[in-house]
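What the coordinates show
Residues per chain are reported as follows:
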Amino acid sequence: MRYLGNKTRLLGHINQLIEDKNISGGVFADLFTGTGSVADHFKDRFEIITNDLLRYASLFSEAKVSFSEVPKFPRFKKHFKVTPFEYWNTYDYSNETAGFITLNFSPRGDRKFFQEKNAIKIDTIRRQLDEFREANLLSEKEWAYLLASLLESVMGVSNTSGTYEAFFKDWEARSNKDLLLEPLSIENLPLFSKRNVTYNNDSNELVRHIEGDVAYIDTPYTVTQYASAYHVLETIALNDSPEIAGKTGRRVERKMSDYNKRNAAKVAFEDLLRQLKFTHVIISYSNQSLIPLDEFVELIQKFAIDGDVEVRAIDFREYKNLNASQKGDGKKLQEVLIYFKKDFEIVKSPLNYAGSKDLIMDKITAALPAHISNFVDMTGGAFNVGGNVAGTGRTFYNEKNPVVFEMVQRLLLDEPESLIVQMQAIVEDYGLTKADKDAYLRLRNHYNSVDIDQRDPIELFVLTLYSFQHMIRFNKNGGFNVPVGNSGLTDDVIDRLINYRTKIPLGGMTLGSFTDVDMNQFDEDTLFYFDPPYIITSAAYNDGKRLEAEWTERDEYELLNYLERLDNAGRKFLLSNTVIHKGQRNEILLDWVERNGYDMQEVGRGGRRYPRLEVLIKNY
């Protein structure tokens, strides 16, 4: 099949890479599947997911991964006594009327993509395919296989150089042939799984909802839009009689890819790489792509384990098309395979803090915008969210509670070895062991005897490790008053101290209310994230009886007003909150969301007896 970017010639190299990495079994996703040749090749070794933004391409892959060989069409054969190919290749088309393809893409429509005789065949077969499916003579997958076969056969009689960006002025030899419906070319391989599935979605949206073992990515490399290059195939696939325009009759409404746009491609890749939930990632790329190869690898490193990215170069002759003069700046085409393992690690803060969002970080990540220049964790707490955002920018921490701020600041910025030595000395000095009330109270009394502004944040951190449920709770006089618990300075805590870091560079740490943060110091691609105390819940840090901890309706309205100011200024915000808890509803928040038309997504539901509903609210 003549097709831009067809990866049949790369199959051996992809296969070798998979063998070298000892990858076998599991789920393999071909996210920009094109003609489906890669997915087809691996259907005997993996459960397959295929996807393409364009319908005709998704049909190619669906047909190939649904069958190990040309299907038998039992219901069709029982009814017509012949195969579908025999049926249509011997069919009398003389009495068939012209359809959309004939009236628009043959000389009848002043275009010369097809001879009229072949255009009428295309119209007839396409119409009858739907009729036979409705009559239950074809299953959905058989229908997809036959439609893909038609699309492939059509390319064999098209009066073009390979794409549908133009047609020849005179009839080219292949276009004079009679259209014969031939079985779609597939690899005769046994299916590893009967659960293979095909999507016709935007891959950047799809990867937020799927996961697996291997993701193969072969995005468009250049400014050539496949929705324009193969618009005739898309129209045949959709059979929707669209509005068309121009000399070539392109669809007015076309699914255009950001990966073909110079200014959008890097943002699209940043989003895709951040959202991928696949262990192994293989990318086909080129040194003539819109994003320079070295710049692209630098981007990938931000999402790879330890920044480790492997690039394998492969030399091929360049495929010439109408845009060849715009590619490469005279450089010889060099295709590459890029491999990395996706970094899924959640760097959990050493500070155990009520309401920390490390357990739903995957849902928060899925809700992030495509590009983030800065991430500002406005109510930072233990910094589990801002610390785990991956990407190209910087992360900022803001926290109102001074004792929490000072602990996080020390834990994040001090050398972990020094911190551990200091903590071990405190444990030894006071003879701390888990559930030892007397030793614990000696440390607590010492901590409370020091003036508030002179207290040691690390001493407080050690107290929280040995306290009941690791709570951070003070009375109104500033005294730490949590009773002893049943834990301590464990190996897990030490590991977390050693590993504690932010995924992207730390831009700054500030102490104060979110209202003190000046949004104007950040650019328009900054995301402001909020995880405030929840007004319908009660915790040790916001029950109104503690030091600088109360959260009231006044605070709630102040937060919502600030978010509206961000929105009015064209800034992006993301808010974590709970709208239902133990029979209570946060009507203030729910009314505000409805009034402003913000997007609210459910991220957690629990409690059979006392329902709880956690949500994310965003304005982008």
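Scroll up for the structure.
For clarity, every value in this text was computed on a predicted model and none was experimentally measured. (Residues numbered from 1 in each chain as written. Predicted model: local features only at pLDDT ≥ 70, side-chain atom pairs only at ≥ 80, totals over all residues. Heavy atoms only, no water.)

Looking now at the overall build of the protein. Check the secondary structure of the protein and you find 21 helices and 17 strands. By residue count, 57% of the 620 residues in the protein fall in the buried class. For the protein, contacts bridging at least 24 residues in sequence account for 73% of all contacts bridging at least 6. Taken as a whole, the protein presents about 27,400 Å² of accessible surface, with 46% of it coming from carbon and sulfur. Distance between charge centres in the protein, computed from 77 positive and 91 negative side chains, equals 5 Å. (Helix = DSSP H or I, 4+ residues; strand = E, 2+ residues; numbered from the N terminus. Buried < 20%, exposed > 50% of the residue type's maximum accessible area, 1.4 Å probe, protein only. Contact = heavy atoms within 4.5 Å. Areas by Shrake-Rupley, 256 points an atom, 1.4 Å probe, with all protein chains shown as cover. Lys, Arg positive; Asp, Glu negative; His and termini not counted. Charge placed at Lys NZ, Arg CZ, Asp CG, Glu CD.)

Formed by 52 residues in total, the largest nonpolar core has its most connected members in Tyr-56, Trp-88, Phe-114, Tyr-164 and Tyr-230. Those elements giving two or more residues to this core turn out to be α3 (55–66), α5 (84–89), α6 (100–105), α7 (116–134), α8 (140–155), α10 (226–229) and α11 (231–238). Tallying contributions element by element places α8 first for this core, with 10 residues. Core analysis: the second largest hydrophobic core is formed by 42 residues, Leu-412, Leu-489, Tyr-500 and Met-509 among them. (Core = buried A, V, L, I, M, F, W, Y, C linked by side-chain atoms within 4.5 Å.)

It is worth spelling out α11 at this point. Counting buried positions along α11 gives seven out of eight residues, so the element sits mostly inside the fold. Listed in full, the buried residues belonging to α11 are His-231, Val-232, Leu-233, Glu-234, Thr-235, Ile-236 and Ala-237. Lining the buried residues of α11 we find α3, α6, α7, α8, α10 and β6 (250–251).

According to the stated counting rule, one finds 33 salt bridges in the structure shown. Note that Asp-492 is salt-bridged to Arg-496, the shortest N-O span being 3.1 Å. With Asp-492 and Arg-496 both in helix α19 (residues 491–499) and four residues apart, the pair spans about one turn of that helix. The exposure class assigned to Asp-492 is partly exposed, which follows from its relative accessible area of 44%. Judged by relative accessible area, which is 12%, Arg-496 ranks as buried. Ionic pairing is found between Glu-587 and Arg-585, a salt bridge with its closest N-O pair at 2.8 Å. On the accessibility criterion, Arg-585 (46% relative accessible area) is partly exposed. In this structure, a network of salt bridges that share partners links the residues Asp-20, Lys-21, Glu-310 and Arg-312. (Salt bridge = Lys/Arg side-chain N within 4 Å of Asp/Glu carboxyl O.)

Turning next to the sheet that holds strand β8 (residues 310–315). Pairing in this open sheet of seven strands is mixed, and the strands run β3-β2-β1-β4-β7-β9-β8 from one edge to the other. With one partner strand each, in any of the chains shown, β3 (197–199) and β8 form the two edges of the open sheet. On average, each strand axis in the sheet is inclined to that of its neighbour by 15°, with strand direction left out of account. Note that strand β7 (residues 278–286) and strand β9 (residues 334–341) share seven bridges and pair antiparallel. Counterpart to Tyr-285 in the pairing with β9 is Val-336. With respect to the sheet, α3 is in contact with β2 (47–51) and β3, its orientation differing from that of β3 by roughly 180°. (Pairing = 2+ DSSP bridges. Axes fitted to C-alpha atoms, helices over the stretch in contact; angles between N-to-C directions.)

Further remarks concern the packing of aromatic side chains. As enumerated under the stated definition, the model contains 44 aromatic pairs in all. Ring geometry for Tyr-56 versus Phe-60: centroids 6.3 Å apart, planes at 85°, classification edge-to-face. Highlighted residues: Tyr-56 and Phe-60, both in helix α3, separated by four residues, approximately one helical turn. Grouping residues by exposure puts Tyr-56 and Phe-60 together as buried. Where Phe-80 meets Phe-132, the ring centres are 5.2 Å apart and the plane angle is 55°; that geometry is what we call tilted. (Phe/Tyr/Trp six-rings, centres within 6.5 Å; stacked < 30°, edge-to-face > 60°.)

This brings us to unusual backbone geometry. Within the chain, Asn-239 stands out as a residue other than glycine whose phi angle is a positive 55°. Structurally, the position occupied by Asn-239 is in the loop between α11 and β5 (244–245). Phi angles above zero are rare outside glycine, and Ser-241 is one such case at about 45°. With respect to the helices and strands, Ser-241 occurs in the loop between α11 and β5.

The next point concerns helix α21 (residues 587–596). Buried within α21 are the following residues: Ile-588, Leu-589, Leu-590, Trp-592 and Val-593. Those residues of α21 that are buried lie in contact with α20 (553–568), β14 (572–581), β15 (584–585), β16 (599–606) and β17 (612–618). Positive backbone phi, at 70°, marks Gly-597, one or two positions downstream of α21.

What follows is about the side chain of Ser-66. Positionally, Ser-66 belongs in helix α3. A distance of 2.6 Å separates the side chain of Ser-66 from the backbone oxygen of Glu-62, its partner in a polar contact. There is a polar contact of 3.5 Å between the side chain of Ser-66 and the side chain of Lys-141. (Polar contact = N/O pair within 3.5 Å; in protein donor to acceptor, adjacent residues only side chain to side chain.)

A word on the pairing of β2. Counting buried residues in β2 gives five out of five residues, a clear majority hidden from the surface. Going residue by residue along β2, you find Glu-47, Ile-49 and Asn-51 tucked away on one face and Ile-48 and Thr-50 tucked away on the opposite face as well. As paired strands, strand β1 (residues 27–30) and β2 are joined by four bridges and run parallel to one another. In the sheet register, Phe-28 faces β2, and the bridge partner there is Ile-48. Bridge count between β2 and β3: three bridges; the pairing is parallel. Bridge pairing in β3 links Asn-51 to Tyr-199.

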